[in-house]
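Secondary and tertiary structure notes
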Amino acid sequence: MSFQRENELEKENNELRRALAAERNVLETLIDTIPHRIFVKDRQCRFTLSNKAHVKALGAHTQEEVIGKTDHDFRPADLSDFYLEDDLNVIENDSALIDYEEPTRLLSGELGTLLISKAPLHNESGDVIGLVGISCDITDRKNAENKLRRSTAIQTVLSEIADAAMSSSLQELYGKV
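Residues numbered from 1 in each chain as written. Predicted model: local features only at pLDDT ≥ 70, side-chain atom pairs only at ≥ 80, totals over all residues. Heavy atoms only, no water.

Concerning the pairing of strand S1 (residues 37-42)
When you tally the buried positions in S1, you get 6 out of 6 residues, the bulk of the element. Burial along S1 is two-sided: Arg 37, Phe 39 and Lys 41 facing one way and Ile 38, Val 40 and Asp 42 facing the other are all buried. Pairing geometry for S1 and strand S2 (residues 47-50), over 3 bridges, is antiparallel. Considered in S2, the bridge of Phe 39 is made with Ser 50. (Buried < 20%, exposed > 50% of the residue type's maximum accessible area, 1.4 Å probe, protein only. Helix = DSSP H or I, 4+ residues; strand = E, 2+ residues; numbered from the N terminus. Pairing = 2+ DSSP bridges.)

A look at the sheet that holds strand S4 (residues 111-122)
Taken in spatial order, the 5 strands make up an open sheet running S2-S1-S5-S4-S3, and their pairing is antiparallel. Only two strands of the sheet have a single partner each, and these edge strands are S2 and strand S3 (97-105). The average undirected angle you get between the axes of adjacent strands in this sheet is 30°. Here 9 bridges tie S4 to strand S5 (residues 128-137), and the two strands are oriented antiparallel to one another. Residue pairing for S5: Ala 119 is matched across the bridge by Val 132. Against the sheet, helix H3 (residues 77-93) engages S1, S3, S4 and S5, with an angle of about 160° to S3. (Axes fitted to C-alpha atoms, helices over the stretch in contact; angles between N-to-C directions. Contact = heavy atoms within 4.5 Å.)

Have a look at this one:
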């Protein structure tokens, strides 16, 4: 191979490395700055990637504390078993679960709700090698919806009582018709 061709190949190689590094930087920035929890698991449901929001939600401090571990290392057994069942369903059936609600235990110890999507992760051959997931804590939204529902129910009952009282008062005032 000529010296000139080697230089051309080296230059192309360097350009590809720079492009790959730039693409990786964009993905890492997106993954770590988005406030939603993003994670990747292998076929054994061990974490292989966990963004900062997910690391924090698990009660860990670094991604290294999470990698290679499962939900059972961070969550109570009842929740971990529930998550495992969903994960295995995604992996074994090669089908995504999109925008569904899942219970969680918040760092405060309270029960919460996540809006979550999980999709199978494939290798170059198309084989399922794990899953990718993203979740958002919707506990505050669910609590607000429940308060609104209770408030609406109370308002309906009070309105019915007021209508009944008004009807009764009118009957007393004007006599029975």
